[in-house]
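Listed below, chain by chain, are the residues.
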Amino acid sequence: MWPNHAAPTGRCSRNVAAPANQKRVRGGDPEALVPPTNGEPAACDVGRAVSRAGTAACTGVCAVGAPQHGLSNRPPGQKPPEMLSVSGLSVALALVLLPASAEALKEGECEVCIAFLGRFYDSLKDNEVAFNNVDIEKALSKSCNDAKGKENRFCYYIGATSDAATKMINEVSKPMSHHVPVEKICEKLKKKDSQICELKYDKQLDLSTVDLKKLKVKDLKKVLEDWGESCKGCAEKSDFIRKITELMPKYAPAAARARTEL
């Protein structure tokens, strides 16, 4: 490791003679050795110097940033604390300066939340409800009592149903009282509970044209469930079709008229 030279003694010498191919520069005490520029190995390596006589001794300062006393015990490749601090600050600044659009909802995301709250907001204006937290929450609870399917599940998640485990209805009423767009309200709700924006509407059947006889029994049951109805005593597919046909004028009058005209 130290050809033709004695091994380092571990003792420091304040004055070390520079080899002939190196320059001695002043800028501190003791003097620092400048590495050669002709591709030869540097005599000064992180606090160590090889004197002209061939004995190894450590200098107080050998390179910019090297410690004044002794060698650094930092593992190879590890950055100095100053560099780590600067790197951490850079990352923090990058996170702060990220565009707000990175948190915006994607197309089709939160469809139940946006659709339900959009209709609810319009109903508040149509019914001239006062835009304050108390009145909005009362109206929201009433709307949720009539909600079915995925919209009822949404109401459960925000705590607007009697059996809800958590209550964050104020996360809707407060921003809505200030006329915050429903998309922004849903963005905030998503941060509170990601399940809210995972809700999606089931594919709706066009009852005006669909052939009920070609539907599966589970699909026929789903139509009745969406209406809040059931078919007690129904055993055959024909029983479910008959029940849907009877109730269609009540729940889907336009579809019932269209089927009559066919």
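Treat the numbers as computed from the prediction; the structure is a model and nothing was measured.

Parameters at a glance
Residues numbered from 1 in each chain as written. Predicted model: local features only at pLDDT ≥ 70, side-chain atom pairs only at ≥ 80, totals over all residues. Heavy atoms only, no water. Helix = DSSP H or I, 4+ residues; strand = E, 2+ residues; numbered from the N terminus. Buried < 20%, exposed > 50% of the residue type's maximum accessible area, 1.4 Å probe, protein only. Contact = heavy atoms within 4.5 Å. Phe/Tyr/Trp six-rings, centres within 6.5 Å; stacked < 30°, edge-to-face > 60°. Lys NZ or Arg CZ within 6 Å of the ring centre and 35° of its normal. Salt bridge = Lys/Arg side-chain N within 4 Å of Asp/Glu carboxyl O. Disulfide = S-S within 2.5 Å. Core = buried A, V, L, I, M, F, W, Y, C linked by side-chain atoms within 4.5 Å. Axes fitted to C-alpha atoms, helices over the stretch in contact; angles between N-to-C directions. Parallel < 35°, antiparallel > 145°, perpendicular 65-115°, else oblique. Left-handed = near helix turned anticlockwise from the far one by under 90°. Nonpolar A, V, L, I, M, F, W, Y, C, P; charged D, E, K, R; others polar. Polar contact = N/O pair within 3.5 Å; in protein donor to acceptor, adjacent residues only side chain to side chain.

Turning our attention to the overall build of the protein chain. Secondary structure assignment for the protein chain yields nine helices and five strands. Reading the protein chain from its N terminus to its C terminus gives the helix and strand order β-β-β-β-β-α-α-α-α-α-α-α-α-α. When the 262 residues of the protein chain are sorted by exposure, 32% land in the buried category. Of the contacts made within the protein chain by residues no fewer than 6 positions apart, 51% connect residues no fewer than 24 positions apart.

Our next topic: the packing of aromatic side chains. Enumeration according to the criterion identifies four aromatic pairs in this entry. Measuring from centroid to centroid gives 5.2 Å for W227 and Y251, while their planes differ by 10°, and the two rings are stacked. Highlighted residues: W227 in the loop between α7 (217-226) and α8 (237-251) and Y251 in helix α8, separated in sequence by 24 residues. Residue classification places W227 among the buried residues on the basis of a relative accessible area of 12%. Given a relative accessible area of 29%, Y251 falls into the partly exposed group. Residue placement shows R153 over the ring face of Y156; its charged tip is 4.8 Å from the ring centre.

Evaluation of the coordinates by the stated rule reveals nine salt bridges. With its nearest N and O atoms 2.5 Å apart, the salt bridge here joins K190 to E109. Of the two residues, K190 is situated in helix α6 (residues 182-192) and E109 in the loop between α1 (81-96) and α2 (111-126); the sequence distance between them amounts to 81 residues. A salt bridge links K184 to E187; its shortest N-O distance comes to 3.8 Å. Taken together, the positions of K184 and E187, both in helix α6 and three residues apart, correspond to about one turn of that helix. Connected through salt bridges with shared partners, the residues K150, D202, K222 and D226 form a single ionic network.

What follows deals with the state of the cysteines. One pass over the full model with this rule turns up four disulfides. A sulfur-sulfur separation of 1.4 Å characterises the disulfide bridge that pairs C110 with C197. On the S-S bond that ties C110 to C197, the torsion sits near 85°, and the link is right-handed. You can see C110 sitting in the loop between α1 and α2 and its partner C197 sitting in the loop between α6 and α7, a full 87 residues away along the chain. Accessibility expressed as a relative area gives 0% for C110, which makes it buried. One disulfide in the model links C231 with C234; its S-S distance is 1.4 Å. Torsion about the S-S bond of the C231 and C234 cystine: about -40°, corresponding to left-handed handedness.

Core analysis: the biggest nonpolar cluster contains 30 residues, and L117, L140, F154, M176 and L189 have the highest contact counts within it. For this core, the secondary structure elements donating two or more residues are α2, α3 (133-145), α4 (149-158), α5 (170-177) and α6. The element best represented in this core is α2, accounting for seven residues. When sequence neighbours within four positions are dropped, the list of residues in contact with M176 reads L117, F120, Y121, L124, F131, I136, V182 and I185. Of all hydrophobic cores here, the second largest spans 17 residues; its members include V223, W227, C231 and A256.

Right, let's talk about the packing of α7 against α8 for a bit. Running from N to C, α7 and α8 cross one another at 25°; their axes reach a closest spacing of 10 Å. Judged by the angle between their axes, α7 and α8 are roughly parallel. In the packing of α7 onto α8, the handedness of the crossing is left-handed. Facing V217, L220, K221, V223 and L224 of α7, the residues of α8 in contact are K237, F240, I241, K243, I244 and L247. In terms of residue class, the contact of α7 with α8 is made up of eight nonpolar, no polar and three charged.

With respect to the helices, strands and loops of the structure, D239 is situated in helix α8. Classification of D239 by relative accessible area gives buried; the value is 15%. There is a polar contact of 3.1 Å between the side chain of D239 and the backbone nitrogen of A235. If we skip the residues at most four places from it in the chain, D239 touches C231 and C234.

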